[in-house]
Structures are given as structure tokens and as C-alpha cells.
Amino acid sequence: MAPQHAQKRKQGRTRMLLAGLFALAVALFTASAVYAGLTAQATGTETVSSGTLNLTLSAGDQGTGFPSTFAGEMAPGDVNNVYVNLNNTGSLASAAGMTLWVAGAPVNALTDGTAVGEGLAVTMTQCSVAWAGGACSGTTTSILAQTMVSTMNTSGTAVSLSNIPALAAATGQVAHLQVSLTLIGTETSVNGVSPSPTIQGLGPVTLTYTFTEQQRTAVTTNQ
Amino acid sequence: MYRHPWPARHRARAAAVTTAAALLSLLVAPVGAVAAPNRGVGSGAETVSSGTWGASASPATPTWTTGQGGRKLSTETNTGTLALSALTYKVTISSGSGTTTFTLAACPVAWDGGGNCPGGGSTTIGGTYTIGSTTTVSSTDVPNVGGALYLKATASNNVTSAITMTLQLSVTSPSQLRAPVVTNQ
């Protein structure tokens, strides 16, 4: 009969445990009721929405825009004009000021300055109206004077573009840009041998243009 | 199919990993939240390749042995991938005795056995070169890409000592390359 005895003892302990838990629950409920009774609440509401800051680079008013490939091989003095629209499509205005950097891949003398004074260079011009046939019938504004890619080939060496307040600062504003890429080369090959380092026979190199705008100045309101 | 439950220590480890990941994401998320909204970025890509330019002559050092006169032939080729508009010849005549002078001419096709340019389209490169001189001449007679120009160096009479004419051909960009190309895309 020993096992029956043990089972009865176990049932007794279980009942006692359940009773204890019940008592504890009652105590907690009572305590919370008392606490609720001593609390006063006041509420207010405030509604906010966050804006967006978006910059898009799309095909311009003529041509296919980016991505672009210069047909054939580039010689010093050649120019590849690409027409793109830079558009502030966000709901927030940008701060005055925009930067550009151009990464080259693979990195070589066309973009890294290895051949001093030589390599690819970029010029940017904005037209007040759409470009057509490679010409601007409105007013042109220089956004970037001719700049060697080697001087702005990392995010850390991004250059500031000019006249940005008129570019894409306001929401929905479109800038009509001509991005001119040229090769600067002043080297002499002797008896069919190019100098070293050289800008000759390199590529294909893919340039990635990155435009960055900053959010407008933060606003503080007192209401 | 019966699946064995994980042992308790495995469940505890999994719970710890999950908790750590959740805490890490809480720490990292605000950094991104701060950085992301204050910049707008637009980007585009462009691909280019650069050409090559140059020219060379072979043989580059035509030589007259003592008592020899007449003509020596050489072939000039465009070694680059770009068309040329001009090139520079540096013509050096070695030192030696005598008063022999030399001339240099180019023909778009190979010289015939009589030393004539078939079709008559030869041009003279520079003037008269004297023994011991170095002369630099620019010429618009250039070989096409992948093509050749045929040179003929002629001695005015038999030399009295061995004489070598050294032809150095150079091409400088951008002035001696084809006209620049402007594309609008």
C-alpha cells in the first residue's frame, strides 16, 4: 500500500500549490485595482509625417542618357556628350549644394592620375530648357568646369557643383544637364612605342557618376 | 514523423542568439535611420576605351656601305588603332667622310623595281640631308590604320665611308591624330 500513500501525499501537495497560486493571483488583482484607482491620466495627440529626399538621374530630352558607351576608341580631344535630367522627386527640398564624384572601374591611368596631366575629364552644363540636337536654345549655366576624373574619383574627393540652388533644390525641379566627357592626352609615341605610364589602349572603363544632395536645413517649430 | 525535441541547452543557446541579434538590430537601426533620410543620390554610368597611336619604320636604319650608292627601301606602318593626320620624322645621318647627300620619299604603294612609285603618288619628306646632320620634319603623309607607307632613301652618289640613316617616327597627341569626334547621346 506504500505507492497509494505516496500518491495521496503528492495530490495533497498539488492542492496546496494551486491554492497558493490562487491566493497570489487574488492579491495581485486587488493590488492592481488599488493602483488603478490612484492613477490619473491626461492625453494629447500630435501628428507628423516624414518627408522623402529623392534624386533621380534619367534620360534627358535627347538621346538615351545613362548608361552610355562611347562607340569605338576615344582619342584625345574626342567628346562624348550625354544628356540627362536630374530631378528632385522627393517631398523635401535639398540644401543648397550638391556634390559629384566619378568612380572608374577598372582603375587605371584614365581615371587615377597615373599619367600626370592626362586622363578623362568631365564638364557639366545646365540648360534652362530642354537640350535639342546637342544645343541649348535657352540659357546655359556651368555646373562643373572641366575637371579631371582623377581629382574626384572617390566619395571623399567629391567636388561641389556650382549654381545648385537653380538646379534641383526645390521639390519637383528638373535640371537639364549635358555631361561632357573628354580625354586629355598630350603624349608622344616614338617608333610605335607609347610612353610609360600611358593613357593609350586602356579600357573599357566604366565611369559611375554619383550626384549627392543634402537634406534642407532642419526646421524647428514652436506651437 | 516523430521529431525529437531539442535538448534544453540547445533551446537556451538558440534563445540567447536570437536575443543578441534582436538587441544588435536595435542598436544598428537608429544609425541607418539617421543617415538614410538626409541624402539623395542619383547615379549613372558611362563606358569608354582609349585608342593607341604610333608609327614605326622597318628597317629603321638603312645603311650604305663604303662605295655603295642608290636607294634603300623601308616600310612605315601605323602601329596604333587611331588614324593619324601627321607624324614627325627625325632623320639622322651618321658622321662620315664625303659630300654625299640623301633624300627621303614616300609612296602609298610599294616601290617598283626601278625605284618608281606606281601611280606616281610619291611625296618628298623634308629636303636634302647631309652627312652628320639631324633634321626633324613633320609630314602629313601617314599610313592608314593597319596600313603602310613605303619609304625610299636615296644617296646622291656612292658614299666614301659607311653611312647610316636613322629614322625615328613619332606621333604626338592630339595634334597629329585624326580630327576629334563629338557624339551626343
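Residues numbered from 1 in each chain as written. Chains lettered and ligands numbered in written order. Predicted model: local features only at pLDDT ≥ 70, side-chain atom pairs only at ≥ 80, totals over all residues.

Focus: the overall build of chain A
- When you go through chain A residue by residue, the secondary structure sums to 1 helix and 12 strands.
- In chain A, the succession of helices and strands from N to C terminus is α-β-β-β-β-β-β-β-β-β-β-β-β.
- Among the 223 residues that make up chain A, the fraction classed as buried is 31%.
- The contacts of chain A with a sequence gap of at least 6 include a subset with a gap of at least 24, amounting to 75%. (Helix = DSSP H or I, 4+ residues; strand = E, 2+ residues; numbered from the N terminus. Buried ≥ 20, exposed ≤ 12 C-beta atoms within 10 Å, placed from the backbone. Contact = placed C-beta atoms within 7 Å.)

Topic: the overall build of chain B
- If you tally the helices and strands in chain B, you get 1 helix and 12 strands.
- Contacts in chain B between residues far apart in sequence, at least 24 positions, make up 80% of those at least 6 positions apart.

Focus on the pairing of strand 12 (residues 205-215) of chain A
- In this sheet, strand 12 of chain A lies alongside strand 4 (residues 94-105) of chain A in antiparallel orientation, the contact comprising 9 bridges. Its bridge partner being in strand 12 of chain A, A:Ser94 is matched across the sheet by A:Gln215.
- Two strands pair when backbone bridges link them, and strand 12 of chain A and strand 1 (residues 39-48) of chain B are joined in this way by 10 bridges, in the antiparallel orientation. Across the sheet, A:Gln214 pairs through a bridge with B:Arg39, a residue of strand 1 of chain B. (Pairing = 2+ DSSP bridges.)

Things to note about the confidence of the model for chain B
Residue and element names in this part refer to chain B.
- The share of residues in chain B with pLDDT of 70 or more is 80%, and the mean pLDDT across the chain is 87.
- Here residues 21-37 scores under 50 on pLDDT; set against residues more than four positions off or in separate chains, the count is 2 contacts.
- Listed scores for the predicted complex are pTM 0.77 and ipTM 0.78. (pLDDT = per-residue confidence, 0-100.)

Let's talk about the environment of A:Thr56
- Looking at where A:Thr56 falls in the secondary structure, it is placed in strand 1 (residues 55-59).
- A residue is classified by how many C-beta atoms lie within 10 Å of it, and A:Thr56, with 18 of them, is partly exposed.
- Between the alpha carbons of A:Thr56 and A:Asn87 there is a distance of 5.2 Å; along the sequence they are 31 residues apart.
- Ignoring anything within four residues of it in the chain, the contact list for A:Thr56 reads A:Asn87, A:Thr89 and B:Gly42.

What about the interface of chain A and chain B?
- At the interface, 61 residues of chain A touch 39 residues of chain B.
- At the level of elements, strand 1, strand 2 (68-69), strand 3 (79-88), strand 10 (174-184), strand 11 (188-190) and strand 12 of chain A are the ones that each hand at least two residues to the side of chain A that touches chain B.
- Ranked by residue count, the leading element in the side of chain A that touches chain B is strand 12 of chain A, at 11 residues.
- The residue inventory of the side of chain A that touches chain B, partitioned by class, reads 27 nonpolar, 30 polar and 4 charged. (Nonpolar A, V, L, I, M, F, W, Y, C, P; charged D, E, K, R; others polar.)

Here we look at the sheet that holds strand 12 of chain A
- On the basis of which strands lie adjacent, the open sheet formed by 5 strands has the order 2(A)-1(B)-12(A)-4(A)-9(A) and mixed pairing. Whereas interior strands pair on both sides, the edge strands pair on one side only; in this sheet they are strand 2 and strand 9 (159-160) of chain A.

Some details on the nonpolar core
- In this structure, A:Val84, A:Leu100, A:Val102, A:Val122 and A:Val179 are the most contacted members of the largest nonpolar core, which totals 67 residues.
- With sequence-adjacent residues up to four places away left out, A:Val179 is seen in contact with A:Val82, A:Val84, A:Val122, A:Met124 and A:Tyr209. (Core = buried A, V, L, I, M, F, W, Y, C linked by C-beta atoms within 7 Å.)

Comments concerning the environment of B:Asn116
- Along the chain, the position of B:Asn116 falls in the loop between strand 6 (101-107) and strand 7 (123-124).
- Distance from B:Asn116 to B:Thr130, taken between C-alpha atoms, is 23 Å for residues 14 residues apart in sequence.

Topic: unusual backbone geometry
Residue and element names in this part refer to chain A.
- Residues Phe-66 and Pro-67 are joined by a peptide bond in cis, for which omega reads -5 degrees.
- Topologically, Pro-67 is positioned in the loop between strand 1 and strand 2.
- Following Ser-196, the chain continues to Pro-197 via a peptide bond in cis, the omega torsion being 0 degrees.
- Mapping Pro-197 onto the fold places it in the loop between strand 11 and strand 12.
- You will see that Asn-191, though not glycine, has its phi angle at about 50 degrees, which is positive.
- Counting through the fold element by element, Asn-191 comes out in the loop between strand 11 and strand 12.
- By the C-beta count within 10 Å, which is 17 here, Asn-191 ends up partly exposed.

Remarks on the environment of B:Thr92
Residue and element names in this part refer to chain B.
- By the secondary structure assignment, Thr-92 is in strand 5 (residues 87-93).
- Taking the C-beta count within 10 Å as the criterion, Thr-92 has 17 such neighbours and is therefore assigned partly exposed.
- As a C-alpha pair, Thr-92 and Gln-168 span 76 residues in sequence and 8.3 Å in three-dimensional space.
- Each residue touching Thr-92, except ones within four places of it in the same chain, is listed here: Thr-134 and Thr-166.

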